[in-house]
Amino acid sequence: MTRTTIAIMVILLAMVSLAGTLSAQSQLRDEPAVRDGIIYVGMAYEIAKKCDSIRARTFRGLTYLQSLRATARDLGYSQAAIDAYIDDSAEKRRLEDIARAQLAALGAATDDPASYCTVGQAQIAANTRVGWLLR
């Protein structure tokens, strides 16, 4: 084999290896540190929307969402992948459904706004991530 052939083979092997590494990275929706954080924000938003006595900590929530972007970048996701995840309407609906299901599991009932207040007050008292996003 000539040096050129060997060089081409090395380059091709490197490209195949890089492609395998990139495809092995999980989808951003499967990263609990990011996905769960978005769900917590959604839960806090829903509580604040349904309960007149509880407010969302808007600045804290926006700062937290920015930290989730940074977490995704630290995990190796590109800005394009992060933007695609954020802009995905189907994923947004899926996460909203999960947030609502978790609220229901905690006792919030869509036809009972007071139940959202009860859940929100419990989250605040327990200083959960959802409670941390509320006041």
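The structure we're discussing is the one just above.
Summarised in this report is the structure supplied together with it. For clarity, every value in this text was computed on a predicted model and none was experimentally measured. (Residues numbered from 1 in each chain as written. Predicted model: local features only at pLDDT ≥ 70, side-chain atom pairs only at ≥ 80, totals over all residues. Heavy atoms only, no water.)

### Focus: the overall build of the chain
Of regular secondary structure, the chain possesses 7 helices and 0 strands. The helix and strand sequence of the chain, counted from the amino end, reads α-α-α-α-α-α-α. Sequence separation of 24 or more characterises 72% of the internal contacts of the chain that already satisfy a separation of 6 or more. Accessible surface, the chain: about 8,600 Å² in total, of which carbon and sulfur atoms supply 59%. (Helix = DSSP H or I, 4+ residues; strand = E, 2+ residues; numbered from the N terminus. Contact = heavy atoms within 4.5 Å. Areas by Shrake-Rupley, 256 points an atom, 1.4 Å probe, with all protein chains shown as cover.)

### What to know about unusual backbone geometry
Phi is positive for Asn 127, close to 55°, though the residue is something other than glycine. Assignment of secondary structure puts Asn 127 in the loop between helix H6 (113-126) and helix H7 (129-132).

### Some details on the environment of Arg 60
Note that Arg 60 resides in helix H3 (residues 58-74). Exposure remark for Arg 60: the relative accessible area of 29% places this residue in the partly exposed category. The sequence separation of Arg 60 and Leu 134 amounts to 74 residues, and the corresponding C-alpha distance is 9.0 Å. If we ignore the near neighbours within four places in the chain, the residues touching Arg 60 are Trp 132 and Leu 133. (Buried < 20%, exposed > 50% of the residue type's maximum accessible area, 1.4 Å probe, protein only.)

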